[in-house]
Amino acid sequence: MVQNFGELIRSTRISKGLSERELAYLCSAHDTDIHKLETNKIKKPSIKLLIAMSKALEINLLAAFLEDDYIFYTYKSIIDKCAKLDMEKLKQLENYIDTLIN
């Protein structure tokens, strides 16, 4: 993860003119989660939240979160496709991945 991951989220949110609450609404999250991410109190955010925030902020937060270039490039095509899904399809995908893992 980039060292100033929280600051990246915060500065991008502010540049888009969004409050924490507005960003949370766009991501179907709680504003406290946005605040915790911006202050680096959440160390391992869910992929679902990162994708939703990436859409809302129009940046690839998954790329910033994944510090390992190998991992990023290995999963880049999947990440790009996930970024195009709506929240319902994303939840279905998350459930499907859970069944594959378990």
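Nothing here was measured: the structure is a model prediction, and the numbers come from that model.

Peer 1: Quick question: what am I supposed to make of the overall build of the protein here?
Peer 2: Each helix and strand counted, the protein has seven helices and zero strands in total. Along the protein, helices (α) and strands (β) appear in the sequence α-α-α-α-α-α-α when read from the amino end. For the protein, the computed accessible surface area is about 6,900 Å², with 55% contributed by carbon and sulfur atoms.

Peer 1: For this particular structure, what's the right way to read the nonpolar core?
Peer 2: Here is a general trend for soluble globular proteins: nonpolar side chains tend to be buried in one another's company. Membership of the largest hydrophobic core comes to 21 residues, with the highest contact counts inside it found for Phe5, Ile9, Leu23, Met53 and Leu61. Put simply, the parts of the chain that give this core at least two residues each are α1 (5-15), α2 (20-27), α3 (31-38), α4 (47-57), α5 (61-65) and α6 (69-82). At six residues, the largest contribution of residues to this core is made by α4.

Peer 1: Before we go on, may I ask you to explain the confidence of the model for the protein in this structure?
Peer 2: Low-pLDDT stretches of the model should not have their predicted coordinates read in fine detail. Confidence along the protein averages 84 in pLDDT terms, with 88% of residues attaining 70 or more. Taking the mean pLDDT of every element in the protein, the minimum, 69, falls on α6 and the maximum, 96, on α2.

The rules behind the values
Residues numbered from 1 in each chain as written. Predicted model: local features only at pLDDT ≥ 70, side-chain atom pairs only at ≥ 80, totals over all residues. Heavy atoms only, no water. Helix = DSSP H or I, 4+ residues; strand = E, 2+ residues; numbered from the N terminus. Areas by Shrake-Rupley, 256 points an atom, 1.4 Å probe, with all protein chains shown as cover. Core = buried A, V, L, I, M, F, W, Y, C linked by side-chain atoms within 4.5 Å. Buried < 20%, exposed > 50% of the residue type's maximum accessible area, 1.4 Å probe, protein only. pLDDT = per-residue confidence, 0-100.

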